[in-house]
Every structure is written in C-alpha cells, then in structure tokens.
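# Observations on chain architecture
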Amino acid sequence: MQVRVSTDDPVAAAAQALVVPVFKDARLDAAAAKADGALGGAIAQAFKEREFRGGANEVVLFHARGAARARLVLAVGLGEREKFELHMLAQYAGTALRYLGKRAVSEIAFALPLEARSDARLGASFVVEGAHSGTLDTTTYRSQNESPIEIKKITLLAGTGADALEAGSLSDGVNRGLVLGEALLLARTMALTPANDMTPTHMAQRAKDVAKRAQLKCDVLDEAQMKRLGMGSLLGVSAGSQQPAKLIVLRYEGDPSSKEVLALVGKGLTFDSGGISLKPADKMHEMKYDMCGGAA
C-alpha cells in the first residue's frame, strides 16, 4: 500500500474516492464543506432529510458525476464534535476503507477534520494505522473466499489555506502509522488463526520471522531450558497439552547507551480449554484468543 501526503484541494485530489469527516452537529467545514459545494449541497441535504446523521462510523456515499476529480465521495460520521478524540480517526479510516474496498475502489484520499490540528502527526498516524489494519482478511479458511480488499494508494490531504495542516507533521505520522498498522494486522491475523495452526511452535516461528525483519534479538526457550530455570508454573499448564511449550523473548536494543529497561509481558497461551473445569462449549471457540497478549 502506497501512502502519500498531498496539499491538493480536496475536490481535485487524485483518487477514485474522496473520504470526508462529518460530525453530528451537521456543521460542514474544511474538506467536507468543499465536497458539499462540489456536490451541489448533497451532504447538507442528506442531513436535512435525515438520511445521514453523522453518527460514529455512519457512512453515506455520493457519486461525484464530474463535480470532483474522484468519482465517489464518502462522508463518514465522527459522532459528537465535543467528544472527538484523535484515536477515533483509526475507526474513521478503517470504516471507509472496508466500505470502499468491497466496492473495488483501490485509490482513496482521506481528509482530516480541523480538530486534528491539535496533533497532526498523531492524527495522520491513526488514519494510516486504521486504513492499513482495515485490509485484514478474515476468510482464509472459507472454501469460497470473499474478494480481498486491495488498496493500492492512500492519500492524506493536508488541506489548503488557513485550514491546512503541516505537511511535514503528516508525513511523520504516516511513517508511524504504517509501522503500527502492519503490527496490528500481524497480531490480529495471529489471533484469528485457529489453535491447530497457531501452536506454540508456530507462534515461535512467527516471532523469529518478525525479529529477522525488524532486526530484533529473538530467543525461544524449549521445555528442557524452562525446567532448568525452574519455570514449573508454566510447564504445569503446558502439561495438559500434547504441544510442547515455548517461551519467546524478543529484545530491542536501539540505544546501547541507555540504562532504561522496559519489559512487556504478553500471555501467549495458544488455547485455554479450562481451569478447574472445562470451559462451556458455547464459549470454547473463543479460547484461541488467549494468545492475544503474546501476539501484541
């Protein structure tokens, strides 16, 4: 997925679809106002006729019919303006990407709300993270897969004039969002994978693959090593499975001169069938998610 920052006017953005944010108060500003003007007031009319209310992740699609360079304009709701927080832009982007991606759109331009000026870098990061993770394929094990969402290019619009966001800050945010989006996509894919294909051995191999790509140190302890270290609690739980236990340690040492040490511990139990008693049958399928901490 190619991501770029543009200072083009929203209605002149080079994309198949233009995505604009709107709030429940129906006050259209910045890119939403320009898109509405190009559409002859169609967004405002949708509010007036209550076809669209601007609720969080609510969408309404318009065909531009030559009024904008993009052939489609998608208005996505952000809810109440007073309650807006930057992290909501991840859902905003993910909602738009899934909606448009299922309609064979592969190039999308995203406008940011004026409220993103509080931290343009973080706002851009959330948009890219949400868009990237929105490509998650949940149909891997189906005999007839849905058409995958294939997005070739995403453009973040900095805006124009007095409403413009700092393009450099947006570019920094794009880089951050790409890293986080890829990581989130990996963790979610691992979480969705059933336990017979996400055993401790499989999980350890994923960790080794990540370490190789990201230049991390990776150590994987086997049961003999854990026994020598006295890890009886972990081995006691693992004894209930035919699969051998693994303990994965990833190390990032980006600043050798730093004396700070931060440790994140994630539960990586790949399937939890029960404690004192077995889990109820109607909840058993969810037990594959006990490794989400480790995946994260």
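These lines cover the structure that appears in this document, whether it is placed above or below. (Residues numbered from 1 in each chain as written. Predicted model: local features only at pLDDT ≥ 70, side-chain atom pairs only at ≥ 80, totals over all residues. Heavy atoms only, no water.)

### Observations concerning helix H5 (residues 167-192)
- With 26 residues, H5 should cover 38 Å at 1.5 Å per step; its first-to-last C-alpha distance of 36 Å lies within 8% of that length.
- The elements touched by buried residues of H5 are strand E1 (2-6), helix H4 (120-133), strand E6 (153-157), helix H6 (200-214) and helix H9 (292-295).
- For H5, the N-terminal capping position is held by Glu166, with its side-chain oxygen 3.2 Å away from the main-chain nitrogen of Gly168. (Helix = DSSP H or I, 4+ residues; strand = E, 2+ residues; numbered from the N terminus. Expected span 1.5 Å × (residues − 1). Contact = heavy atoms within 4.5 Å. Polar contact = N/O pair within 3.5 Å; in protein donor to acceptor, adjacent residues only side chain to side chain.)

### As for unusual backbone geometry
- Even without being a glycine, Ala104 presents a positive backbone phi close to 65°.
- Inspection of the secondary structure puts Ala104 in the loop between helix H3 (88-101) and strand E5 (107-111).

### Considering empty space enclosed by the protein
- Taken as a whole, this structure holds two cavities of 30 Å³ or more when the rule is applied.
- Estimated volume of the largest cavity: approximately 140 Å³.
- As for the largest cavity, its lining consists of 14 residues, and the residues nearest its centre are Ala30, Ala31, Ala158, Gly159 and Thr160.
- Split into classes, the residues belonging to the lining of the largest cavity amount to 10 nonpolar, two polar and two charged.
- In this structure, the second largest cavity is lined by Pro21, Val22, Phe23, Arg27, Asp29, Ala30, Ala31, Ala32, Arg81, Leu112, Pro113 and Leu114. (1 Å grid on protein atoms, 1.4 Å probe; cavity = no way out; pocket = protein on both sides within 12 Å on 5 of 7 lines; lining within 4 Å. Points joined across faces, edges and corners; volume = space filled by probe spheres on them. Nonpolar A, V, L, I, M, F, W, Y, C, P; charged D, E, K, R; others polar.)

### A word on the pattern of salt bridges
- Under the defined criterion, the tally for this structure stands at nine salt bridges.
- The partner of Arg81 in a salt bridge is Asp29, with the nearest N and O atoms 3.2 Å apart. One end of the pair, Arg81, is in the loop between strand E4 (72-77) and H3; the other, Asp29, is in the loop between strand E2 (17-22) and helix H1 (30-38), and 52 residues separate them in sequence.
- One salt bridge in this structure joins Glu253 and Lys217, with 3.1 Å as the shortest N-O distance. Pair noted here: Glu253 is in the loop between strand E8 (247-251) and H9 and Lys217 is in strand E7 (residues 217-221), with a separation of 36 residues, a long-range link.
- Note on Lys217: relative accessible area 48%, which makes it partly exposed.
- Sharing partners across several salt bridges, the network here consists of Asp25, Arg27, Asp29, Arg81 and Glu115. (Salt bridge = Lys/Arg side-chain N within 4 Å of Asp/Glu carboxyl O. Buried < 20%, exposed > 50% of the residue type's maximum accessible area, 1.4 Å probe, protein only.)

### Let's talk about the environment of Thr160
- Note that Thr160 resides in the loop between E6 and H5.
- Beyond its immediate sequence surroundings of up to four residues, Thr160 is in contact with Thr7, Asp8, Asp9 and Lys34.
- A distance of 2.5 Å separates polar atoms of two side chains, one belonging to Thr160 and the other to Lys34.

### Description of the packing of aromatic side chains
- Enumeration over the complete set of coordinates arrives at three aromatic pairs.
- A ring pair is formed by Phe23 and Phe84, whose centres lie 5.8 Å apart and whose planes are at 90°; its orientation type is edge-to-face. With Phe23 in the loop between E2 and H1 and Phe84 in the loop between E4 and H3, this residue pair connects regions lying 61 residues apart in the sequence.
- The class of Phe23 is buried, set by a relative accessible area of 2%.
- When the ring of Tyr92 is compared with that of Phe110, the centres are 6.0 Å apart and the planes differ by 70°; the resulting orientation is edge-to-face. Residue Tyr92 is found in helix H3, and its partner Phe110 is found in strand E5; the two are separated by 18 residues along the sequence. Across the pair, Phe110 and Tyr92 agree in class, each one buried. (Phe/Tyr/Trp six-rings, centres within 6.5 Å; stacked < 30°, edge-to-face > 60°.)

### Description of the nonpolar core
- Membership of the largest hydrophobic core comes to 36 residues, with the highest contact counts inside it found for Val19, Leu89, Leu100, Phe110, Ile154 and Leu156.
- Of all the secondary structure elements, the ones that give two or more residues to this core are E2, E4, H3, E5, H4, E6 and H5.
- No other element matches the seven residues that H3 contributes to this core.
- The residues touching Phe110, leaving out its near neighbours within four places in the chain, are Val19, Tyr92, Ala93, Ala96, Val127, Ala131, Ile154, Thr155, Leu156 and Leu157.
- In terms of nonpolar packing, the next biggest core, distinct from the first, is built from 24 residues, Ala15, Leu28, Phe52 and Leu157 among them. (Core = buried A, V, L, I, M, F, W, Y, C linked by side-chain atoms within 4.5 Å.)

### What about H3?
- The end-to-end C-alpha distance of H3 is 20 Å, a good match for the 20 Å that 14 residues give at a rise of 1.5 Å each.
- Counting buried positions over the 14 residues of H3 gives 10, a clear majority of the element.
- Residues of H3 that are buried include every one of Leu89, Ala90, Tyr92, Ala93, Gly94, Thr95, Ala96, Leu97, Leu100 and Gly101, and no others.
- Each element contacted by the buried residues of H3 is listed here: E2, strand E3 (59-63), E4, E5, H4 and E6.

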